[in-house]
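Fold and geometry: a report
One letter stands for each residue in the lines below.
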Amino acid sequence: MELRQLRYFLTVAEELHFGRAAERLHIVQSAVSQQLRRLERELGTELFARSTRVVRLTEAGDRLLPYAREMLALHARAREAVDELRAEQAATVRLGTSSGLGVWLDVVLTAFNRHAGQAQLELVTGSTEERLARVRAGDLDAALLRGERTDPGLEFLPLWQDALMAALPAGHELAARETVELARLADLPLRLSPRSRNSALHDLVLRSCRAAGYTPVLGPEFTNDQDTLAAIGYGKPSWTVFYAPHADQLPVPGVMFRPLSDPAPVMQTCLAVRNGPPRAALRALIEACYEAVDGGPDAVPGSPLARDLRRRPLTRAGAGEV
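Here's what I pulled together on the structure shown here. Note that the structure is predicted; figures quoted are calculated from it, not measured.

Helix and strand content of the protein chain: 10 helices and 10 strands. Buried positions account for 44% of the 322 residues belonging to the protein chain. The contacts in the protein chain between residues at least 6 apart in sequence include a share of 74% that link residues at least 24 apart. Carbon and sulfur atoms make up 50% of the accessible area of the protein chain, which totals about 16600 Å².

On to the side chain of glutamine 35. Inspection of the secondary structure assignment puts glutamine 35 in helix H3 (residues 29-43). Excluding anything up to four places from it in sequence, glutamine 35 contacts Glu2, Arg4, Gln5 and Tyr8.

What follows deals with the packing of aromatic side chains. One pass over the full model with this rule turns up five aromatic pairs. Relative to tryptophan 160, the ring of tryptophan 104 has its centre 4.0 Å away and its plane inclined at 10°; by these criteria the two rings are stacked. One end of the pair, tryptophan 104, is in helix H5 (residues 102-115); the other, tryptophan 160, is in strand E6 (residues 154-169), with 56 residues separating them in the sequence. Judged by its relative accessible area of 0%, tryptophan 104 is buried. Considering the side-chain rings of phenylalanine 242 and phenylalanine 257, the 5.7 Å spacing of their centres and the 85° angle between planes classify their relative orientation as edge-to-face. You can see phenylalanine 242 sitting in strand E8 (residues 240-243) and its partner phenylalanine 257 sitting in strand E9 (residues 255-261), a full 15 residues away along the chain. Here phenylalanine 242 and phenylalanine 257 have matching classes, each one buried. The rings of Phe9, Phe18 and Phe48 are connected pair by pair, giving a single aromatic cluster.

Parameters at a glance
Residues numbered from 1 in each chain as written. Predicted model: local features only at pLDDT ≥ 70, side-chain atom pairs only at ≥ 80, totals over all residues. Heavy atoms only, no water. Helix = DSSP H or I, 4+ residues; strand = E, 2+ residues; numbered from the N terminus. Buried < 20%, exposed > 50% of the residue type's maximum accessible area, 1.4 Å probe, protein only. Contact = heavy atoms within 4.5 Å. Areas by Shrake-Rupley, 256 points an atom, 1.4 Å probe, with all protein chains shown as cover. Phe/Tyr/Trp six-rings, centres within 6.5 Å; stacked < 30°, edge-to-face > 60°.

Dropping the structure here:
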């Protein structure tokens, strides 16, 4: 039993006339008659009582009619569902992000291209609060952000963690150490982004310093990578923090990057999305983010990702931005 045969059957049943049914189907009448004869042979019974003047449904045809309508309606809904999925896959996903994501963003984008079919990813920058507001409003599909948050209208999917490194003057005695204990930085002015610009980082660094037994001496604010590192390397001794992979991308004369310890602060990165089931293209982005976590920032784009790295603290991005 073919859908085409059921479509022909339903059209003739509605018209009770083979000629008019053929016109509606845009085919010749003989083709309609031929297919219905095949359907009747398959079912082993006549569906129409035919005469030179009248066409009417037989009892078998009457029994088949509601099932034919149901099957054709199911077929139409199935086609609509597939068409909707194809449209979603070809849609654009708008992701709120910030500068300094570096290799993490590269890995996410590479994985997204593998998962997303024809969907495109548009990156939108802005402050943390701007990005979150736009996710709530539906202007953004998702936003990458650092730190832990709660919001009744949003879900925060935990992704990777970023370890912090100290940026120190290359000539400072602490720069010669492989790891710098936070307590040893107590007397060195700290250049930090203001809390209004980066509350998550600001709070993490101050909380870590207090855990090390002191409140840091705050020097001039962190402005941007270039100016702040130049001031650290060639101005009065001071220090700041960067996320480890970003530090690897910033070979600056006069500055050394060293891991922090006792405690070793790390920053959680999350993907903020609206509550509810994600559409197909957004689901591809979420899968890409989780795949990035599995492989870590050292995963080679396009290569198999190491599954045993999911629970290892991962590092990334620049601390001057949210």
